[in-house]
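# Observations on the model geometry
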Amino acid sequence: MTDFSKVFQSMIEQSQEMARAMNPALEQFRFPDFSSLMPTMPKEAMEMTFGKTFNPGGLDAKTRLFVTLAALVAQGSQFEQQIVLTVRHALEAGATAQEIAEVIGQMSVFGGVPAMTKAMHLAQAVIAGKEGEK
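Residues numbered from 1 in each chain as written. Predicted model: local features only at pLDDT ≥ 70, side-chain atom pairs only at ≥ 80, totals over all residues. Heavy atoms only, no water.

Let's shift gears to the overall build of the protein chain. The helix and strand inventory of the protein chain stands at 7 helices and 0 strands. Taken from the N to the C terminus, the helices and strands of the protein chain come in the order α-α-α-α-α-α-α. Looking at the protein chain as a whole, 34% of its 134 residues qualify as buried. Long-range pairs, those at least 24 residues apart, make up 63% of the contacts in the protein chain with a sequence separation of at least 6. (Helix = DSSP H or I, 4+ residues; strand = E, 2+ residues; numbered from the N terminus. Buried < 20%, exposed > 50% of the residue type's maximum accessible area, 1.4 Å probe, protein only. Contact = heavy atoms within 4.5 Å.)

And the structure:
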C-alpha cells in the first residue's frame, strides 16, 4: 500500500467512525467513490467533512452538528428536511434541547427572525417526538 493509500484508508475509516458518532443508524455507512468524476474528491471530501487525519484533535460529532445546524438555519427555510435531520442527529450525539435552541436562536442575527422561528418550530417537533419515544 502506498503512503497515499494508507492516508486515504485512514480517512475512510475515520469518516465511518464519525458518521456512526453522528447517527448510530449509519453503522454501514460507506462513502461513495467519486474518483471517476474528480480524482481528488474522495480525499478532499473525506477530510473536509469527517476526517481527522490532519487534525487529530478535531471537532466532536455534537459540535460538527451544531455548526451544520447553524449554517442551515442561517440559509433560511429552504432546508427544512435537513434541519429536521440535523436536529435528530444532534440529539443522538448528546445535544440537549437547550443547546439546540441556543444554536438556532443565535442564527436569528445571520438568517433573520423568520428563519430562526421556522427552525425553532421544526426543532421543537423533533424534540417532542424524541421525548414521546422514551
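Overall, the coordinates contain 2 salt bridges when judged by the stated rule. Note that Glu 99 and Lys 62 form a salt bridge whose closest N and O atoms lie 3.3 Å from each other. You can see Glu 99 sitting in helix α5 (residues 97-106) and its partner Lys 62 sitting in helix α3 (residues 61-74), a full 37 residues away along the chain. Assessed through its relative accessible area of 22%, Lys 62 is described here as partly exposed. In this structure, the salt-bridge partner of Lys 118 is Glu 80, at a minimum N-O distance of 3.9 Å. Residue Lys 118 is found in helix α7 (residues 113-133), and its partner Glu 80 is found in helix α4 (residues 80-92); the two are separated by 38 residues along the sequence. Taking relative accessible area as the criterion, Glu 80 reaches 29% and is therefore assigned partly exposed. (Salt bridge = Lys/Arg side-chain N within 4 Å of Asp/Glu carboxyl O.)

With that settled, consider α5. Of the residues making up α5, those classed as buried are Ile 100, Val 103 and Ile 104. The arc that holds the buried residues of α5, viewed along the axis, is 95°, so those residues lie on one side. (Arc of directions from axis to C-beta.)

The subject of this paragraph is α3. The terminal C-alpha atoms of α3 lie 20 Å apart, and with 14 residues this matches the ideal 20 Å at 1.5 Å per residue to within 8%. Of all the residues in α3, the buried ones are Ala 61, Arg 64, Leu 65, Phe 66, Leu 69, Ala 70, Leu 72 and Val 73. Within two residues after α3, Gly 76 carries a phi angle of roughly 95°, on the positive side. (Expected span 1.5 Å × (residues − 1).)

Turning next to the packing of α3 against α4. Between α3 and α4, the least distance of the axes is 10 Å, while the angle of their chain directions is 160°. Viewed along their axes, α3 and α4 adopt a mutual orientation that is roughly antiparallel. Handedness of the crossing formed by α3 with α4: left-handed. Contacts from Leu 65, Thr 68, Leu 69, Leu 72 and Val 73 of α3 reach α4 at Gln 82, Ile 83, Thr 86, Val 87, His 89 and Ala 90. (Axes fitted to C-alpha atoms, helices over the stretch in contact; angles between N-to-C directions. Parallel < 35°, antiparallel > 145°, perpendicular 65-115°, else oblique. Left-handed = near helix turned anticlockwise from the far one by under 90°.)

Bringing the confidence of the model for the protein chain into the picture now. Caution is warranted with low-pLDDT regions, since their predicted coordinates should not be read in detail. Model confidence for the protein chain is summarised by a mean pLDDT of 76, while 64% of its residues fall at 70 or above. For the protein chain, per-element mean pLDDT is lowest for helix α2 (residues 41-49), which scores 52, and highest for α5, which scores 95. Within the model, pLDDT remains below 50 along residues 37-42, and this stretch shows 7 contacts once partners closer than five positions in the same chain are excluded. (pLDDT = per-residue confidence, 0-100.)

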